[in-house]
Amino acid sequence: MKNIVVLVSGGGTNLQALIDAERRGELGGGKITCVISSKADAYALRRAKNAFIRTRVLERKDYPDIAAYSKAMADALKEAEADLVVYAGFMTILDGQVCDAFPYKMMNVHPALIPSFCGKGYYGLRVHEEALKKGVKVTGATVHFVTEDCDGGPIILQKAVAVKNGDTPEILQKRVMEEAEWKILPEAVRLFCEDKIKVVDGIAVVEE
Ligand code: GAR
């Protein structure tokens, strides 16, 4: 059984999708053992408590710089004996010491088809605002391994979602979550827990 630690900052709908998938036995035997939030008031913490999952809060403002925050996070993840770390709407960029401690053992869900609309500054609703500004007709979501390169790690799964006339960022965000994120994130976690993802020359190869 693999210990899964989920990092959150906000509403936690992706965390909820993972909790629901685990209940249905769809995480390949993986178990969510701890949820760590970068915000003390994140609704995601309530979702974790409702599911009787241990929670911790690590707020960036309690540390002098990103290196100290990253060290505290790496220590918390080691203490939780994480086999897999999932960024589920986690909005703080950590430095290399965390990636080095968990190489290809951290994954992130991003609400666009990487390499579009990604990197520093592209998070949450902002991603959908930019997609609508550009007028793309297809967007989607990506699950990728976390490396030091923000949103640049090996891509595990992607799913496309149509953009429709009259979409607002909020409407598009909801469609991307429902049709893509809440499906491909639990699926990527299952594949990881079943040892079906390998990284070869910087590319994630998924065996099915
Ligand atoms: C999700 O859309 C997630 O993909 C995005 O934030 C939202 C969090 O929602 N993450 C990023 O933009 C990371 N770059 P949730 O808290 O309801 O899961």
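Residues numbered from 1 in each chain as written. Predicted model: local features only at pLDDT ≥ 70, side-chain atom pairs only at ≥ 80, totals over all residues. Heavy atoms only, no water.

> Now, about the packing of aromatic side chains: what can you tell me, with residues and values included?
Scanning the entire structure with this criterion turns up four aromatic pairs. Taking the centre distance of 5.6 Å and the plane angle of 65° together, the rings of Tyr63 and Tyr69 count as edge-to-face. Linked through ring pairs, Tyr104, Phe145 and Phe192 together constitute an aromatic cluster. In this arrangement the basic side chain of Arg126 is found over the ring face of Tyr122, its NZ or CZ atom lying 5.1 Å from the centre. (Phe/Tyr/Trp six-rings, centres within 6.5 Å; stacked < 30°, edge-to-face > 60°. Lys NZ or Arg CZ within 6 Å of the ring centre and 35° of its normal.)

> Describe in detail the nonpolar core, supporting the description with residues and values.
If you look at the biggest cluster of nonpolar residues, it comprises 38 residues, and the most contacted ones within it are Ile4, Val6, Ile32, Val86, Met107, Ile156 and Val189. Ranked by residues supplied to this core, first place goes to helix α6 (residues 169-193) with ten residues. If near-sequence neighbours (up to four positions away) are discounted, Val86 is found in contact with Ile4, Val5, Val6, Leu7, Leu18, Met107, Leu185 and Val189. Membership of the second largest hydrophobic core comes to 21 residues, among which are Val5, Ala82, Val85 and Val146. (Core = buried A, V, L, I, M, F, W, Y, C linked by side-chain atoms within 4.5 Å. Buried < 20%, exposed > 50% of the residue type's maximum accessible area, 1.4 Å probe, protein only. Helix = DSSP H or I, 4+ residues; strand = E, 2+ residues; numbered from the N terminus. Contact = heavy atoms within 4.5 Å.)

> Account for the site of the ligand, naming residues and giving values.
Every one of the 15 residues lining the ligand counts as a neighbour, but Gly12, Thr13, Asn14, Gly124 and Glu181 are closest to it. The separation between an oxygen atom of the ligand and a polar side-chain atom of Asn14 is 2.9 Å. Between the ligand and Glu181, the relevant distance is 2.6 Å, taken from an oxygen atom to a side-chain nitrogen or oxygen of the residue. Taken by itself the ligand offers 450 Å² of open surface, and the protein chains cover 93% of this. Going through the elements one at a time, α1 (13-23), β5 (106-110) and α6 are the ones with two or more residues in the shell around the ligand. Residues of the shell around the ligand, tallied by class, amount to six nonpolar, eight polar and one charged. (Near = heavy atom within 4 Å. Polar contact = N/O pair within 3.5 Å; in protein donor to acceptor, adjacent residues only side chain to side chain. Areas by Shrake-Rupley, 256 points an atom, 1.4 Å probe, with all protein chains shown as cover. Nonpolar A, V, L, I, M, F, W, Y, C, P; charged D, E, K, R; others polar.)

> A description of the side chain of His128 should follow, citing residues and the corresponding values.
With respect to the helices, strands and loops of the structure, His128 is situated in helix α5 (residues 125-134). If near-sequence neighbours (up to four positions away) are discounted, His128 is found in contact with Pro111, Pro169, Leu172, Gln173 and Val176.

> Tell me about the pattern of salt bridges, and please be specific about residues and values.
Enumeration over the complete set of coordinates arrives at 15 salt bridges. Ionic pairing is found between Glu194 and Arg190, a salt bridge with its closest N-O pair at 2.6 Å. Its salt-bridge partner being Glu207, residue Lys198 comes within 3.3 Å of it at the nearest N-O pair. By relative accessible area, which is 47% here, Lys198 ends up partly exposed. (Salt bridge = Lys/Arg side-chain N within 4 Å of Asp/Glu carboxyl O.)

Shape is all these values report; function is a separate question.
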